[in-house]
Amino acid sequence: DSKIAADQGPFHVFVPASDSFAIAYFGSLARRFPAPGISVHPLPSSHPLAFVTDSVRAHGILSLALQQRSDGTTAGVPFVVPGGRFNEMYGWDSYFIVLGLLADDRIVLAQGMADNMVYQIRHYGKILNANRTYYLSRSQPPFLTSMGLAVYRRLTPGPAARAWLAQLLAAAIAEYDSVWMGKFRLTETGLSRYFDERA
């Protein structure tokens, strides 16, 4: 993680407590590779930012979706970072990245981008500005449905594609109800706003 110098201590990886597979995976990495030092923190679903700032007192990367390959190894569901200058997935940029990937016939990679957004909603409650702890209080514009439909149109038609779209739409509806219609963003006018919950 190039944003945190190694001489400042361990690299902090925050994993949702609800993702036991990821906790076990990152824990095994920390044991297998003691240098440069990885500190794995299960992140509670309630008040996660307070946990990071008050309990751990260090920021770090938030885990995204993992997958088991056919050979039994584990890998992250792939994603593309904006402009090649970052090492985390940004929500707003990802929609436009997906459109480019689809234009270039990189359908599996585009689908992985959407899958990582669904993971964020399930485990962090919203699509984050980016998968770093200091973004836990901020979300990105709700482009997931547009992204999902664009990917779905390029999938092989059939039950698997419909099931994939259904789980994506269920996540989008959950985010709409809890975030965009929630107390921090819904205003007296009936319109939603962008808002940092730490403000």
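What counts as what
- Residues numbered from 1 in each chain as written.
- Predicted model: local features only at pLDDT ≥ 70, side-chain atom pairs only at ≥ 80, totals over all residues.
- Heavy atoms only, no water.
- Helix = DSSP H or I, 4+ residues; strand = E, 2+ residues; numbered from the N terminus.
- Rg over C-alpha atoms; globule rule 2.2 N^0.38 Å.
- Buried < 20%, exposed > 50% of the residue type's maximum accessible area, 1.4 Å probe, protein only.
- Contact = heavy atoms within 4.5 Å.
- Areas by Shrake-Rupley, 256 points an atom, 1.4 Å probe, with all protein chains shown as cover.
- Lys, Arg positive; Asp, Glu negative; His and termini not counted.
- Charge placed at Lys NZ, Arg CZ, Asp CG, Glu CD.
- Expected span 1.5 Å × (residues − 1).
- Arc of directions from axis to C-beta.

In terms of regular secondary structure, the chain is built from 6 helices and 5 strands. Reading the chain from its N end, one meets helices and strands in the order β-α-β-α-β-β-β-α-α-α-α. Here the C-alpha radius of gyration of the chain, 17 Å, is about what a compact globule of 199 residues would show, namely 16 Å. With respect to the principal axes defined by its C-alpha atoms, the chain has extents near 50 × 45 × 30 Å. Counting across all 199 residues of the chain, residues that qualify as buried make up 44%. The contacts of the chain with a sequence gap of at least 6 include a subset with a gap of at least 24, amounting to 64%. As displayed, the chain offers around 10,600 Å² of accessible surface, 57% of which is attributable to carbon and sulfur atoms. Taken together, the 18 basic and 15 acidic charged side chains of the chain have centroids lying 1 Å from each other.

What follows deals with helix α1 (residues 20-32). For α1, built from 13 residues, the straight-helix expectation of 18 Å at 1.5 Å per residue is met to within 8% by its first-to-last C-alpha distance of 18 Å. Within the sequence span of α1, burial applies to Ala-22, Phe-26, Gly-27, Leu-29 and Ala-30. For α1, the angular spread of the buried residues around the axis is 155 degrees, confining them to a single face. Turned more than 90 degrees from where α1 packs its buried face, Ser-20, Arg-31 and Arg-32 sit exposed. Where the residues of α1 are buried, they touch β1 (11-16), β2 (38-43), β4 (66-68) and α4 (107-124).

A few words now on helix α6 (residues 159-180). With 22 residues, α6 extends 30 Å between its outermost C-alpha atoms, agreeing within 8% with the 32 Å of an ideal straight helix rising 1.5 Å per residue. Of the positions making up α6, those classed as buried are Ala-161, Trp-164, Leu-165, Leu-168, Ala-171, Ala-172, Glu-175, Val-179 and Trp-180. Mapping the buried residues of α6 onto a view down its axis gives an arc of 125 degrees, with all of them on the same face. In α6, the exposed positions that point more than 90 degrees away from the buried face belong to Pro-159 and Ile-173. Check the buried side of α6 and you find it contacts α4 and α5 (144-152).

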